[in-house]
Amino acid sequence: SQELEQSPQSLIVQEGKNLTINCTSSKTLYGLYWYKQKYGEGLIFLMMLQKGGEEKSHEKITAKLDEKKQQSSLHITASQPSHAGIYLCGAPTNTGGTSYGKLTFGQGTILTVHP
Amino acid sequence: NAGVTQTPKFQVLKTGQSMTLQCAQDMNHEYMSWYRQDPGMGLRLIHYSVGAGITDQGEVPNGYNVSRSTTEDFPLRLLSAAPSQTSVYFCATMKQGPEAFFGQGTRLTVV
């Protein structure tokens, strides 16, 4: 089965600093999703990557999928307190096919941004 | 639209008690799933459903039952609660696309 490993597990930064979170898969990724979770709330979809080398941005958050499709990085530029939360990467559990609602998640990265 | 509604938000159970976590969606999505979230372990799939009348096990199904009699509802039943089932439970729905929609979660403590 596919496993996703995130690093670091937690991150504390000063407001305005850049940061990167990594997600490494044990198998080739056929889709990689990034979600954000605020404490006590559900997950919010950020973006999806499918093609090797693909890069997407949403406001100050950029995510990339490497050419070999086994690692993704999430980069936040000029972090703000509103970026604080838990970031999770997810991928379809069924490699190469439709997810059918089955997702495998990394263990999450807890981000704290100090003002 | 309410999206995905989970009830209750908080629950404390005694070991051995049973209960049902409710999940309802108004988005007409085919796929519904239950996950549990534990510190340092991300989200793990308990059960999922690809449509009314069809359910299957996920990664950690033991101790839980589900049914899907309608498209809208996907309840999760704890048959005999154990302290190991203390967790935060999330219900999620998906259509064909990649975006999963999550409920607000149920924080369950088993004492």
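Novice: Can you tell me about the overall build of chain B, naming the residues and giving the values?
Specialist: Along the backbone of chain B there are 0 helices and 11 strands. Mapped from its N terminus to its C terminus, chain B presents α and β elements in the order β-β-β-β-β-β-β-β-β-β-β. Whereas a compact globule of 111 residues would reach a radius of gyration of roughly 13 Å, chain B reaches 13 Å, a difference of no more than 12%. Overall, chain B is about 40 × 25 × 25 Å in size when its C-alpha atoms are taken along their principal axes. Relative to its 111 residues, chain B shows a buried fraction of 47%. A separation of at least 24 residues holds for 53% of the contacts in chain B among residues at least 6 apart in sequence. Total accessible area on chain B stands at roughly 5,100 Å², and carbon and sulfur atoms take up 51% of it. Both charge centroids of chain B, one from 8 positive and one from 8 negative side chains, sit 10 Å from each other.

Novice: Give me the interface of chain A and chain B: which residues, what numbers.
Specialist: Contact with chain A, which involves 20 residues of that partner, is made by 21 residues of chain B. For the pair chain A and chain B, the two sides together bury roughly 1,700 Å², of which 60% comes from carbon and sulfur. Applying the counting criterion to the chain A and chain B interface returns 0 salt bridges. Our count for the contact surface shared by chain A and chain B stands at 4 residue pairs in polar contact (both at pLDDT 80 or more). Elements with a contribution of two residues or more to the side of chain A that touches chain B: β4 (32-37), β5 (43-49) and β10 (103-105) of chain A.

Novice: Give a detailed account of the state of the cysteines, specifying residues and quantitative values.
Specialist: All told, the structure shown has 2 disulfides over all chains when counted by the stated rule. Shown here is the disulfide that connects C23(A) with C89(A), its sulfur atoms set 2.1 Å apart. Its S-S torsion of approximately 75° makes the covalent link between C23(A) and C89(A) right-handed. Residue C23(A) is found in strand β3 (residues 19-25), and its partner C89(A) is found in strand β9 (residues 85-92); the two are separated by 66 residues along the sequence. Given a relative accessible area of 0%, C23(A) falls into the buried group. On the basis of relative accessibility, which here comes to 0%, the residue C89(A) falls in the buried class. What pairs with C23(B) in a disulfide is C91(B), and their sulfur atoms sit 1.9 Å apart. Here the disulfide of C23(B) and C91(B) is left-handed, its torsion about the S-S bond being about -70°. Pair noted here: C23(B) is in strand β3 (residues 19-25) and C91(B) is in strand β9 (residues 87-94), with a separation of 68 residues, a long-range link. Like C91(B), C23(B) is buried.

Novice: Provide a residue-level description of the pattern of salt bridges, including the pertinent values.
Specialist: Opposite charge on two side chains permits pairing when their charged atoms draw close. One pass over the full model with this rule turns up 4 salt bridges over all chains. The salt bridge involving K56(A) is made with E54(A); its shortest N-O contact spans 3.7 Å. For K56(A), a relative accessible area of 31% corresponds to the partly exposed category. Salt-bridge contacts for K64(A) lead to E55(A); the nearest nitrogen and oxygen are separated by 3.9 Å. Look at the salt bridges and you will find they share partners, linking R36(B), D38(B) and R44(B) into a network.

Definitions and limits used
- Think of each chain on its own: its residues are numbered from 1, step by step along the sequence as written.
- Written order determines the labels here, with chains lettered from A and ligands numbered from 1.
- This being a predicted model, a pLDDT of at least 70 is required before a residue's local features are given, and a value of 80 or more before pairs of side-chain atoms are given or counted; all residues contribute to the totals for chains, interfaces and linings.
- Side-chain numbers here rest on the full set of heavy atoms in the structure, without hydrogens or water.
- Numbered from the N terminus, helices here are DSSP runs of H or I no shorter than four residues, and strands are runs of E no shorter than two.
- Here the globule rule is a power law, 2.2 Å times the number of residues to the power 0.38, and the radius of gyration is based on C-alpha atoms.
- We call a residue buried when its accessible area falls under 20% of the maximum for its residue type, exposed when it is over 50%, and partly exposed in between, using a 1.4 Å probe and counting protein chains only.
- Residue contacts are counted whenever heavy atoms from the two residues lie within 4.5 Å of one another.
- For the area figures, the Shrake-Rupley method with a 1.4 Å probe applies, and any residue is considered shielded solely by the protein chains shown.
- Charged residues are defined narrowly, with Lys and Arg counted positive, Asp and Glu counted negative, and His plus the chain ends left uncounted.
- Charged groups are reduced to one reference atom each: NZ for lysine, CZ for arginine, CG for aspartic acid, CD for glutamic acid.
- Accessible area, probed at 1.4 Å, shrinks when two parts are joined; the buried area is that loss added up over both.
- Between Lys or Arg on one side and Asp or Glu on the other, a salt bridge is scored when a side-chain nitrogen of the former is within 4 Å of a carboxyl oxygen of the latter.
- Pairs of N or O atoms within 3.5 Å make up the polar contacts considered here, provided that, within protein, one atom can donate a hydrogen while the other can accept it, and that residues adjacent in sequence are counted only when both atoms are side-chain atoms.
- We call a pair of cysteine sulfur atoms a disulfide whenever their separation is within 2.5 Å.

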